[in-house]
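Descriptive structure summary
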2 protein chains.
Amino acid sequence: MKHEVIVLRIGHRPERDKRVTTHCCLVARAFGAKRIIIVGEKDEKIIKSVQGVRKKWGGRFSISFSESVKKEIKKLKKQKFALVHLTMYGLKLKKEIPKIRKHKKLAVIVGAEKVPIEVYKMADFNVSVGGQPHSEIAALAVFLHELFKGKLLDTKFAGAKIKIVPEKNSKKIAH
Amino acid sequence: MKHEVIVLRIGHRPERDKRVTTHCCLVARAFGAKRIIIVGEKDEKIIKSVQGVRKKWGGRFSISFSESVKKEIKKLKKQKFALVHLTMYGLKLKKEIPKIRKHKKLAVIVGAEKVPIEVYKMADFNVSVGGQPHSEIAALAVFLHELFKGKLLDTKFAGAKIKIVPEKNSKKIAH
């Protein structure tokens with residue numbers, strides 16, 4: 001089944017979260033999501049940097065900001081997305097992933113800060129990528145990697161202006 | 001085979017990298033590494049925060065800072081660690097991982113900034129977790145997840161003061 005994945009990132013403060021949110025965006029793109037919606041203060045620098053990567057490295061990926069978690073969740077539900085909230089408090093990934101894979105449209109929710117308890121209630125799946133505190137960036141990457149069974153790691157992105165030529169001990173880029 | 005994993009993080013500037021380096025440390029711990037060495041400006045806040053997590057959530061994990069990449073690499077080589085440098089320029093993970101798994105002692109190198117080309121030369125493996133720009137936090141998590149074949153996600157950490165009770169739609173902690 002070909003999944004359509006949107007990432008919903010809850011919380012962004014430009015000063016504090018610039019780098020972590022950028023990592024979330026790039027991971028979403030590299031691991032197979034088509035879009036990220038960030039709930040938080042609009043940050044033109046992140047938009048520019050993510051669009052810059054897309055232009056150079058290819059593929060389709062869009063980024064937008066929103067002011068309301070609930071509004072976005074309602075919209076996603078209306079569009080028939082199943083909501084998967086990644087949280088260390090959730091049920092185990094290994095157990096949940098076969099059920100999740102049955103949904104073609106998936107919205108993956110990751111928090112930057114404390115996620116409101118309403119999100120736990122509204123989510124179709126609360127899933128833990130390990131029951132330990134670590135990183136929403138890591139959780140998102142491992143979740144998408146598992147969702148796509150590792151097959152997307154070496155995806156080719158359409159329209160790339162540059163790409164890597166894998167090398168044993170050096171760096172090589174093809175233009 | 002039981003692997004012994006150390007993470008070597010190259011580059012840390014407290015102002016800019018505080019959150020990203022903290023994520024690296026927590027991912028290293030949660031995904032099965034025993035230690036992280038950070039080459040960069042010593043940052044007591046990170047040490048305190050990582051030690052705080054360890055005390056509360058259990059397990060053995062140590063953190064230290066160093067001033068020299070080369071010194072650390074030499075030390076690790078002397079101690080018979082195979083050096084795995086995660087970089088989008090490297091060879092594909094899927095192809096390299098069976099060879100990497102044969103080494104009991106592994107030092108996984110991740111960069112915060114541009115990694116000196118000497119590191120590419122000194123590494124036993126330069127490996128890409130996808131040939132796209134994304135995040136060293138994500139690369140580290142997916143690499144360790146693959147190394148341990150997903151088995152460490154639900155590891156129990158010895159001596160934990162608290163632990164999560166997985167829940168479908170809420171949060172539960174056992175003390």
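Source: prediction; values computed, not measured.

So, about the nonpolar core. Ranked by size, the top nonpolar core spans 82 residues in total, and within it Phe31 and Phe143 of chain A together with Phe31 and Phe143 of chain B carry the most contacts. Those residues in contact with phenylalanine 31 of chain B that sit more than four places away from it in its chain are Val129, His134, Ala138 and Val142 of chain A together with Ala141, Leu144, His145, Phe148, Leu152 and Leu153 of chain B.

Moving on, we get to the state of the cysteines. A complete count under the given rule lists zero disulfides over all chains for this structure. Its sulfur unpaired, cysteine 25 of chain A is 6.9 Å from the next cysteine sulfur, which belongs to cysteine 24 of chain A.

Our focus in this paragraph is the pairing of strand S2 (residues 35-39) of chain B. All names here are of chain B. Counting buried positions along S2 gives four out of five residues, so the element sits mostly inside the fold. Running through helix H1 (residues 14-30), the crossover from strand S1 (residues 4-10) to the neighbouring parallel element S2 is right-handed. Where S2 meets strand S3 (residues 62-66), five bridges bridge the pair, whose relative direction is parallel. Counted as the bridge partner of valine 39 is serine 66 from S3.

Per-residue confidence for chain A gives a mean pLDDT of 95, with 100% of residues at or over 70. Predicted complex, confidence summary: ipTM 0.97, pTM 0.97.

The next thing to look at is the environment of valine 119 of chain A. Residues and elements named next belong to chain A. Within the secondary structure, valine 119 is located in helix H5 (residues 117-122). Considered as a pair, valine 119 and isoleucine 47 are 72 residues apart in the sequence and their alpha carbons are 25 Å apart. In contact with valine 119, other than residues within four places in its own chain, are Ile10, Val69, Ile73, His85 and Ile109.

Residues and elements named next belong to chain B. With the rule as written, the count across this model stands at one cavity of 30 Å³ or more. What lines the largest cavity is Phe31, Leu144, His145, Phe148, Gly150, Lys151, Leu152 and Leu153. Across the lining of the largest cavity, the residue classes tally to five nonpolar, two polar and one charged.

Residue and element names in this part refer to chain B. Its 17 residues place the ends of H1 22 Å apart at the C-alpha level, agreeing with the 24 Å of an ideal helix rising 1.5 Å per residue. Of all the bends in H1, the greatest measures close to 35° and is centred on valine 20. By the criterion of burial, H1 is predominantly enclosed, with 13 of the 17 residues buried. One or two residues past the end of H1 sits glycine 32, with phi positive at roughly 110°.

Let's shift gears to the side chain of histidine 145 of chain B. Position of histidine 145 of chain B among the secondary structure elements: in helix H6 (residues 136-147). Assessed through its relative accessible area of 5%, histidine 145 of chain B is described here as buried. Within the local environment of histidine 145 of chain B, its side chain forms a polar contact with the side chain of glutamate 146 of chain A, the two groups lying 2.7 Å apart. Not counting the four nearest positions on each side in its chain, histidine 145 of chain B is found in contact with Val142, His145 and Glu146 of chain A together with Phe31, Gly150 and Leu153 of chain B.

Looking now at the relation of the copies chain A and chain B. Least-squares fitting of chain A to chain B yields an RMSD of 0.0 Å, with the superposition described by an axial translation of 0.0 Å and a rotation of 180°. The operation mapping one copy onto its partner corresponds to a two-fold rotation axis. The position closest to the rotation axis in chain A is occupied by the C-alpha of alanine 138 of chain A, lying 2.3 Å away. Comparing interface residues between copies, 100% of those in chain A also sit at the interface in chain B, which points to an isologous, same-surface contact.

Glancing now at the sheet that holds strand S4 (residues 82-92) of chain B. Residues and elements named next belong to chain B. Judged by pairing direction, the sheet is parallel, and its six strands sit side by side in the order S3-S2-S1-S5-S4-S6 without closing on themselves. If you trace the sheet from one side to the other, it starts and ends with S3 and strand S6 (125-128), each paired once. Direction aside, neighbouring strands of the sheet carry axes that sit 30° apart on average. The pairing of S4 with strand S5 (residues 105-111) spans four bridges and is classified as parallel. What sits directly across from valine 84, in S5, is valine 108. Each of S1, S4 and S5 is contacted by H6, which is oriented at about 160° to S5, the strand it contacts most.

Once that is clear, we can look at the interface of chain A and chain B. Counting residues at the interface gives 56 residues for chain A and 56 residues for chain B. Buried area between chain A and chain B, both sides added, is near 4900 Å², and the carbon and sulfur share of it is 61%. Taken as a group, Arg19, Tyr89 and Lys171 of chain A account for 15% of the area that chain A buries against chain B, more than any other trio of residues on that side. Across the chain A-chain B interface, the total number found is two salt bridges. A salt bridge links aspartate 17 of chain A to arginine 19 of chain B; its shortest N-O distance comes to 2.4 Å. At the junction of chain A with chain B, the criterion picks out 16 residue pairs in polar contact (both at pLDDT 80 or more). Among the secondary structure elements, those contributing two or more residues to the side of chain A that touches chain B are helix H1 (14-30), helix H2 (44-57), strand S4 (82-92), helix H4 (93-101), H5 and helix H6 (136-147) of chain A.

Rules and cut-offs
- Residues numbered from 1 in each chain as written.
- Chains lettered and ligands numbered in written order.
- Predicted model: local features only at pLDDT ≥ 70, side-chain atom pairs only at ≥ 80, totals over all residues.
- Heavy atoms only, no water.
- Core = buried A, V, L, I, M, F, W, Y, C linked by side-chain atoms within 4.5 Å.
- Buried < 20%, exposed > 50% of the residue type's maximum accessible area, 1.4 Å probe, protein only.
- Contact = heavy atoms within 4.5 Å.
- Disulfide = S-S within 2.5 Å.
- Helix = DSSP H or I, 4+ residues; strand = E, 2+ residues; numbered from the N terminus.
- Right-handed = clockwise from strand over helix to strand, strands pointing away.
- Pairing = 2+ DSSP bridges.
- pLDDT = per-residue confidence, 0-100.
- 1 Å grid on protein atoms, 1.4 Å probe; cavity = no way out; pocket = protein on both sides within 12 Å on 5 of 7 lines; lining within 4 Å.
- Points joined across faces, edges and corners; volume = space filled by probe spheres on them.
- Nonpolar A, V, L, I, M, F, W, Y, C, P; charged D, E, K, R; others polar.
- Expected span 1.5 Å × (residues − 1).
- Bend = angle between axes of the 7 residues up to and from the residue.
- Polar contact = N/O pair within 3.5 Å; in protein donor to acceptor, adjacent residues only side chain to side chain.
- Least-squares fit on C-alpha atoms with pLDDT ≥ 70 in both.
- Axes fitted to C-alpha atoms, helices over the stretch in contact; angles between N-to-C directions.
- Buried area = accessible area lost by both parts, 1.4 Å probe.
- Salt bridge = Lys/Arg side-chain N within 4 Å of Asp/Glu carboxyl O.

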